[in-house]
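Residues per chain are reported as follows:
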Amino acid sequence: MRASRHLHHVYGWLLLTPAAILLLSFTHYPTVATIWQSFFSTGTALRPSSFVGLDNYRFMLEDEIFWKVVGNNLLFAAGTIPASIALALLMAVWVNGRLPGRALVRMAYFTPTVLPMIAVANIWLFFYTPEIGLLDQILRAFDLPTRNWLGDPDTVLWCIVVLAVWKEAGFFMIFYLAALQALPPELEEAARLEGASRAYYFRRVVFPLLMPTTLFVLVNAVINSFKLVDQLFILTKGGPDNASSLLLYYIYEVAFSFFDDSYAATLTVVLLAALALISLGQFLFLDRRIHYR
Amino acid sequence: MTAIEVEGVTKLWGTTRAVDDVSFRVPEGSFVVLLGPSGCGKSTTLRILAGLEEPTAGRVLIGGRDMTRAAPAERRISMVFQSYALFPHLDVRENILFGLRVRRVAREERERRLARVAELVGLAELLDRKPAQLSGGQRQRVALARAIVSEHPICLMDEPLSNLDAKLRQEMRLELRALQRRLAMTVVYVTHDQAEAMSMADRIILMRAGRIEQEGDPDALYGQPATLFAASFIGTPPMNLLALEDGPEGAVVAGSGVTVLEGPGRGRILGIRPEHVRITEEGGVPAELLATDYLGADTVISARIGDQRLGIRVPGRFRATPGTAIRLAWSPEHLHLFDARSGRRESGPAGLRGTDPAPVRIAATASKGGGS
Ligand SMILES: Nc1ncnc2c1ncn2[C@@H]1O[C@H](COP(=O)(O)OP(=O)(O)OP(=O)(O)O)[C@@H](O)[C@H]1O
Ligand SMILES: [Mg+2]
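Fair warning: this is a prediction, and the values are worked out from it, not measured in the lab.

What is the right way to look at the state of the cysteines in this model?
Simply put, disulfide is the name for a covalent bond between the sulfur atoms of two cysteines. All names here are of chain B. A full pass over the atoms with the stated rule returns zero disulfides over all chains. Unpaired in terms of disulfides, Cys155 finds its nearest cysteine sulfur in Cys40, a separation of 20 Å. Cys155 gets classed as buried once you look at its relative accessible area, which sits at 1%.

If you want it as structure tokens, here you go:
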């Protein structure tokens, strides 16, 4: 009896082991190692790495580029999150209706999601290129002044925002569409019988019932706004003058262009902590106001 | 006064005729049941009344006004869905008040109506619950409350009781009917359960394959079924339908020598309800007992005359071994005669009570059919 129970546990652990090894070696160990490293200086040939306590963090607080990049990232988040969610919801409601050829429209909206970010960035490069890009050609056709969209610190971040919204909205739309299709059609019929307008029905019934989806999408959008930096490699390399650089891209530069591993680790810890806090806050704060079926 | 008038309504789904040239009237304050088997177009008809579906042809008049193309909200009707269609994120109170809020009814008025309706359907204690925290019966009451609180004169119900267990369904039937009378509501009620229709309806509209098969009060449908379909759909167990053949002295039950009435038998079908067949000691028609099904208050016996099977309903418990020879008797006024080809009732138009047994002479009473 006891032996067999014991064996039971052994099986359990054996089954868990492959996944546990992967998780430990590729998620938990790097995380711990990163935190560990953020308390050490970057070693060079002459000066080996040494424990510096919070020096890296102190340095970070005085790093102007860090603050600039954080500011950029907040603007980027503020620009992409609400816009992509609103657009996704709008498209989902539109595509959910009785529209001729809606399968085609659904696919069209979803295409940006399927494309790799690098390909997307290349497409948008054609739009933004000065003089010969689509945007400038249109402006010229109307005799409006053209500009170097990606070369101007005033416009470059918004160009990146537009691209990200375009890329993300289609993805989020799929979740909204699935949620909308799960709503029983009688709910709308019952509301129509009571004389509720479409807008009223949407506000009072559809939107609250979509809240679990919205929370899910919101968490993803927040994480993506810190995670999506592929386009910078193609379009701007963070320039001009760090005007379009985002936190993760800055970490990449610090680690692989400036080879300052410890400072990169420090920045990474801050990014992770911020993301964890935001997600936690979202779940704790919003969960209470959401109806789950 | 007529609350609803349906004139020649047809609804096509592609090429299927879900509703086919249907016309009927619903008097004000009456309880009308649309009855029929699955897929016969009951729900479609109801949804056309509600304005959730547009008819392909025909007109719908509500309160004397043509509402064929009017939006649902203009029709001043409420509806109870089979699935109840409660808003899952709103509590009972808000579910009931949904329509009043849409129509911006003043707060005091809202509260007054809510209190009254909650009392009426017995939900007063449950107003703060979400639908997921209610039993099926309670959800049903919320759906009902939502329909009542609107104070619309007409209420449409699509199989509102079909998700409840048998006992609760029985109770709700009585309650619903009492409520309808008390509030003088006009109700159009869809069901495929003939017992429900019989017990609740002022008027039954029996449908088959998109058409109206027969329309009348429960008595008429039970007592004077106009077609074979009506005869076999209403009553549990349904009416016995015995194919007849020509015999030497009149019509005989197919496969037997028992003469049951005068005149030709081929192409005609004799109908008799199980509760109208008696078992007698002498006289009557010889039959073979096949099985007994004890139901508590009565026993349903399956038997065979010739090659025709029939059911017999007798009170109390009836014990017999299968294969026993028994004798069956019935009174002429309980017989129904149908044309096998058209399925129509033979003896004059339905509703003319007393004309149908006239040509029927029962061989059994003359104890002529004893031998075979
Ligand atoms: N939206 C639709 N599209 C196509 N055909 C439909 C649609 N709704 C109903 N039908 C068809 O119309 C016919 C009548 O359907 P309806 O729902 O009115 O039947 P019903 O009498 O209510 O049956 P039940 O008792 O099963 O609910 C059926 O043959 C059904 O397949
Ligand atoms: Mg139906």
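Structure's up, so let's keep going.
What should I look at first to understand the packing of helix α4 (residues 102–114) of chain A against helix α7 (residues 156–182) of chain A in this one?
Packed helices, taken two at a time, are described by the angle their axes make and the gap between the axes. All names here are of chain A. Two elements in contact, α4 and α7, have axes separated by 6 Å at closest approach and are oriented at 130°. Relative to α7, the element α4 lies oblique. Pair α4 / α7 crosses with left-handed handedness. Between α4 and α7, the residues in contact are Arg106, Tyr109, Phe110, Pro112 and Thr113 and Trp166, Lys167, Gly170, Phe171, Met173, Ile174, Leu177 and Gln181, respectively. Looking at side-chain class alone, the contact of α4 with α7 contains eight nonpolar, three polar and two charged residues.

What exactly am I supposed to notice about the domain arrangement of chain B here?
Accessible area lost upon the coming together of the parts serves often as the stated size of an interface. Residue and element names in this part refer to chain B. Partitioning chain B into structural domains gives domain 1 (2–228) and domain 2 (237–339). Opposite the seven residues of domain 1 that make contact, domain 2 presents nine residues. Both sides together, the interface formed by domain 1 and domain 2 hides about 580 Å², and carbon and sulfur atoms give 64% of it. Among the residues of domain 1 in contact with domain 2, Tyr222, Pro225 and Leu228 are the three that bury the most area, contributing 87% of the side total. Put simply, domain 1 and domain 2 have zero salt bridges between them. The tally of links from domain 1 across to domain 2 stands at two residue pairs in polar contact (both at pLDDT 80 or more). Broken down by element, the residue count for the side of domain 1 that touches domain 2 peaks at three residues, all from helix α7 (residues 218–223). Its residues assigned to classes, the side of domain 1 that touches domain 2 comprises five nonpolar, two polar and no charged.

Could you clarify how one ought to interpret the site of ligand 1 in this entry?
All names here are of chain B. Taken together, Trp13, Ala18, Ser38, Gly39, Cys40, Gly41, Lys42, Ser43, Thr44 and Glu159 make up the full set of residues adjacent to ligand 1. One of the side-chain N or O atoms of Trp13 is found 3.2 Å from a nitrogen atom in ligand 1. Here Ser43 contributes a side-chain N or O atom positioned 2.6 Å from an oxygen atom of ligand 1. Taking 630 Å² as the accessible area of ligand 1 by itself, protein coverage stands at 59%. Among the elements that take part in the shell around ligand 1, helix α1 (residues 42–50) stands out by supplying three residues, more than any other. The class makeup of the residues in the shell around ligand 1 is three nonpolar, five polar and two charged.

What's the story with the side chain of B:Lys11 in this structure? I'm lost.
All names here are of chain B. Looking at where Lys11 falls in the secondary structure, it is placed in strand β1 (residues 2–13). A distance of 2.7 Å separates the side chain of Lys11 from the backbone oxygen of Glu54, its partner in a polar contact. For Lys11, the contacting residues outside a window of four places in its chain are Thr16, Arg17, Ala18, Val19, Thr44, Ile48, Glu53, Glu54, Pro55 and Thr56.

Just checking my understanding: could you explain the pairing of β1(B) for this structure?
Two faces make up the sheet, and in a regular strand the side chains alternate between them. Residues and elements named next belong to chain B. Sheet topology places β1 next to strand β2 (residues 16–27); eight bridges connect them, and they run antiparallel. Across the sheet, the residue bridging to Val6 is Phe24, located in β2. Where β1 hands over to β2, the hairpin turn is made up of two residues, of which Gly14 adopts a positive phi near 65°. Pairing between β1 and strand β4 (residues 57–62): five bridges, direction antiparallel. Paired with Glu5 across the bridge in β4 is Leu61.

Can you help me understand the interface of chain A and chain B in this one?
Listed per partner, the contact involves 17 residues of chain A and 25 residues of chain B. Taking both sides of the interface into account, the surface hidden between chain A and chain B amounts to around 1900 Å²; carbon and sulfur atoms contribute 66%. Considering only the surface of chain A that becomes buried against chain B, A:Leu193, A:Glu194 and A:Arg204 emerge as the three largest contributors, covering 39% of it. Residues A:Glu194 and B:Arg103 are paired through a salt bridge, measuring 2.5 Å at the closest nitrogen-oxygen approach. On inspection of chain A and its partner chain B, the count reaches five residue pairs in polar contact (both at pLDDT 80 or more). Taken together, the elements giving at least two residues each to the side of chain A that touches chain B come down to α8 (185–193) and α9 (198–209) of chain A. Looking at the side of chain A that touches chain B, the element that brings in the most residues is α8(A), giving seven residues. Split into classes, the residues belonging to the side of chain A that touches chain B amount to nine nonpolar, two polar and six charged.

When you look at the packing of helix α5 (residues 117–128) of chain A against helix α6 (residues 134–141) of chain A in this model, what are you seeing that I'm missing?
Residues and elements named next belong to chain A. Where α5 meets α6, the axes come as close as 4 Å, and the angle between the chain directions of the two elements is 25°. Compared by their axis directions, α5 and α6 come out roughly parallel. When α5 is examined against α6, the residues Phe126, Phe127 and Tyr128 are found in contact with a partner set consisting of Leu134, Leu135 and Asp136. In terms of residue class, the contact of α5 with α6 is made up of five nonpolar, no polar and one charged.

For this particular structure, what's the right way to read the nonpolar core?
Side chains of a nonpolar character, in soluble globular proteins, are inclined to be buried together. Judged by nonpolar contacts, the single largest core of 81 residues is most densely connected at B:Phe98 and B:Leu156. Top contributing element to this core by residue count: helix α3 (residues 64–96) of chain A, with 11 residues. Excluding anything up to four places from it in sequence, B:Leu156 contacts B:Leu46, B:Leu49, B:Ala50, B:Ile77, B:Ser78, B:Met79, B:Val80 and B:Val188. B:Leu86, B:Val105, B:Cys155 and B:Ala230 belong to the second-largest nonpolar core, a separate cluster that totals 47 residues.

Is there a simple way to think about unusual backbone geometry in this case?
If a residue is not glycine, its phi is most likely negative; likewise, a peptide bond is most likely trans. All names here are of chain B. With an omega of -15°, the peptide bond between Thr236 and Pro237 qualifies as cis. Mapped onto the elements of the fold, Pro237 is located in the loop between α8 (228–233) and β11 (240–246). Unlike most non-glycine residues, Tyr84 shows phi in positive territory, near 75°. The residue Tyr84 is located in the loop between β6 (77–80) and α2 (92–102) in this model. In this model, Ala209 sits at a positive phi of 50°, which is unusual for a non-glycine residue. Tracing the chain through its elements places Ala209 in the loop between β9 (203–208) and β10 (211–216).

Thresholds, definitions, all that
- Residues numbered from 1 in each chain as written.
- Chains lettered and ligands numbered in written order.
- Predicted model: local features only at pLDDT ≥ 70, side-chain atom pairs only at ≥ 80, totals over all residues.
- Heavy atoms only, no water.
- Disulfide = S-S within 2.5 Å.
- Buried < 20%, exposed > 50% of the residue type's maximum accessible area, 1.4 Å probe, protein only.
- Axes fitted to C-alpha atoms, helices over the stretch in contact; angles between N-to-C directions.
- Helix = DSSP H or I, 4+ residues; strand = E, 2+ residues; numbered from the N terminus.
- Parallel < 35°, antiparallel > 145°, perpendicular 65-115°, else oblique.
- Left-handed = near helix turned anticlockwise from the far one by under 90°.
- Contact = heavy atoms within 4.5 Å.
- Nonpolar A, V, L, I, M, F, W, Y, C, P; charged D, E, K, R; others polar.
- Domains from an automatic or database assignment.
- Buried area = accessible area lost by both parts, 1.4 Å probe.
- Salt bridge = Lys/Arg side-chain N within 4 Å of Asp/Glu carboxyl O.
- Polar contact = N/O pair within 3.5 Å; in protein donor to acceptor, adjacent residues only side chain to side chain.
- Near = heavy atom within 4 Å.
- Areas by Shrake-Rupley, 256 points an atom, 1.4 Å probe, with all protein chains shown as cover.
- Pairing = 2+ DSSP bridges.
- Core = buried A, V, L, I, M, F, W, Y, C linked by side-chain atoms within 4.5 Å.

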